[in-house]
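A look at the structure
Here is what each chain is made of, one letter per residue.
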Amino acid sequence: IISHGYTDNRFGAMKYARMYLERGYNIIAYDLRGHGENEPTLCTYTIRERKDLSALIRDSRQRYPDLKVLGLHGESLGASTTVAVLEEKPEVDFAVADCGFSEIITVMQGGLRGMHLPGWLVHVASLCARIRYGYFFHQMRPIDSLADNEIPILFLHGEKDDFILPQHSRNMQKATRGYSEIHIIPEATHAASVLTAPEDYRRYVEGFLRTIGALK
């Protein structure tokens with residue numbers, strides 16, 4: 001399992017890593033660029049991040065040629081990166097996307113509203129980002145990777161996530177062509193589903209893996 005995401009929820013990450021380890025999987029865990037012990041750098045909300053993940057998938061296949069199952073498990077930006085990399089048709093067997101965004105603009109607009117600022121400022125910032133860094137915010141849309149995706153995906157999302165709303169996962173679940181499941185965790189806030197309902201979380205993941213034939 002290749003696992004990735006923010007590092008401010010290490011306890012949650014440890015809980016879902018243990019869930020896989022207890023089932024006999026191995027874990028390749030890494031911090032997204034600009035996070036954890038990585039050098040500070042520009043976050044492109046899946047554009048460069050998915051290239052990193054794609055490289056790690058290829059490297060994992062080369063290092064461990066006898067792998068029977070290789071899956072992805074991402075949380076928050078890690079979940080969105082997991083979905084975004086599917087556009088490149090990586091050699092993976094499944095993906096678990098926990099509280100990812102389908103596109104970044106509405107998330108940013110929600111943050112602006114929380115600061116009592118107008119949402120249209122996002123478009124100004126997007127133009128500035130294009131001039132300074134070469135990227136528009138509207139390019140940061142993992143959902144666009146799913147139109148012809150056939151890799152099975154499990155979407156998980158906290159019901160009370162007011163940072164990245166559960167509708168993002170619902171929209172992506174509707175967009176993917178391949179097999180998918182979605183489970184909304186009652187009472188869970190952002191990136192807290194595995195902490196709020198650990199037994200349900202495990203049951204959903206194991207049930208998904210059993211259904212697609214990837215459960216050890």
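Our structure's up above, just so we're on the same page.
What counts, and at which threshold
- Residues numbered from 1 in each chain as written.
- Predicted model: local features only at pLDDT ≥ 70, side-chain atom pairs only at ≥ 80, totals over all residues.
- Heavy atoms only, no water.
- Helix = DSSP H or I, 4+ residues; strand = E, 2+ residues; numbered from the N terminus.
- Buried < 20%, exposed > 50% of the residue type's maximum accessible area, 1.4 Å probe, protein only.
- Contact = heavy atoms within 4.5 Å.
- Disulfide = S-S within 2.5 Å.
- Phe/Tyr/Trp six-rings, centres within 6.5 Å; stacked < 30°, edge-to-face > 60°.
- Core = buried A, V, L, I, M, F, W, Y, C linked by side-chain atoms within 4.5 Å.

**Topic: the side chain of Q109**
You can see Q109 is positioned in helix α4 (residues 105–114). For Q109, a relative accessible area of 17% puts it in the buried group. Setting aside residues up to four positions removed in sequence, Q109 forms contacts with G119, V122 and H123.

**Concerning unusual backbone geometry**
In this structure, T46 is a non-glycine residue whose phi angle is positive, near 105°. In this structure T46 comes out as buried when scored by relative accessible area, which is 3%. Of note in the backbone geometry, K89 takes a positive phi value of approximately 55° without being a glycine.

**Quick look at the state of the cysteines**
For the structure shown, the criterion picks out zero disulfides. Free cysteine: C43, not disulfide-bonded; nearest cysteine sulfur from C99 at 14 Å. In this model C128 remains outside any disulfide bridge; the closest cysteine sulfur is found in C43, 17 Å from its own. Using a relative accessible area of 47% as the deciding quantity, one classes C128 as partly exposed.

**Regarding the environment of T176**
Mapped onto the secondary structure, T176 falls in the loop between α6 (167–175) and β6 (180–185). Relative accessible area serves as the criterion here: at 8%, T176 is assigned to the buried category. Placed 16 residues apart in sequence, T176 and A192 show a C-alpha to C-alpha distance of 24 Å. In this structure T176 touches L146, N149 and I153, once residues within four positions along its chain are discounted.

**With respect to the packing of aromatic side chains**
Considering all chains together, one arrives at four aromatic pairs under this definition. Geometrically, the ring pair formed by Y179 and F208 is stacked, given 6.3 Å between the ring centres and 15° between the ring planes. Of this pair, Y179 sits in the loop between α6 and β6 while F208 sits in helix α8 (residues 198–211), and the two are 29 residues apart along the sequence. For F208, a relative accessible area of 0% gives the class buried.

**A few points about the nonpolar core**
Counting residues in each nonpolar core, the largest one holds 34 residues, and the members touching the most others are I2, L53, I57, L72, I104 and F137. Mapped onto this core, the elements with two or more residues apiece are α2 (47–63), α3 (77–85), β4 (94–98), α4, α5 (121–133) and β5 (153–158). Setting aside anything within four residues of it in sequence, one finds L72 in contact with I2, L53, I57, T82, V85, V92, F94, A95 and V96. L156, V194, Y201 and V205 belong to the second-largest nonpolar core, a separate cluster that totals 19 residues.

**Looking at α4**
One turn of the α-helix equals 3.6 residues, which is why residues spaced by three or four share an orientation. Restricting attention to buried positions, one finds in α4 the residues I105, V107, M108, Q109 and L112. Where α4 is buried, its residues meet α5 and α6. With its phi angle positive at about 60°, H116 sits one or two positions after the end of α4.

Interpretation in functional terms is not warranted from these geometric data alone.
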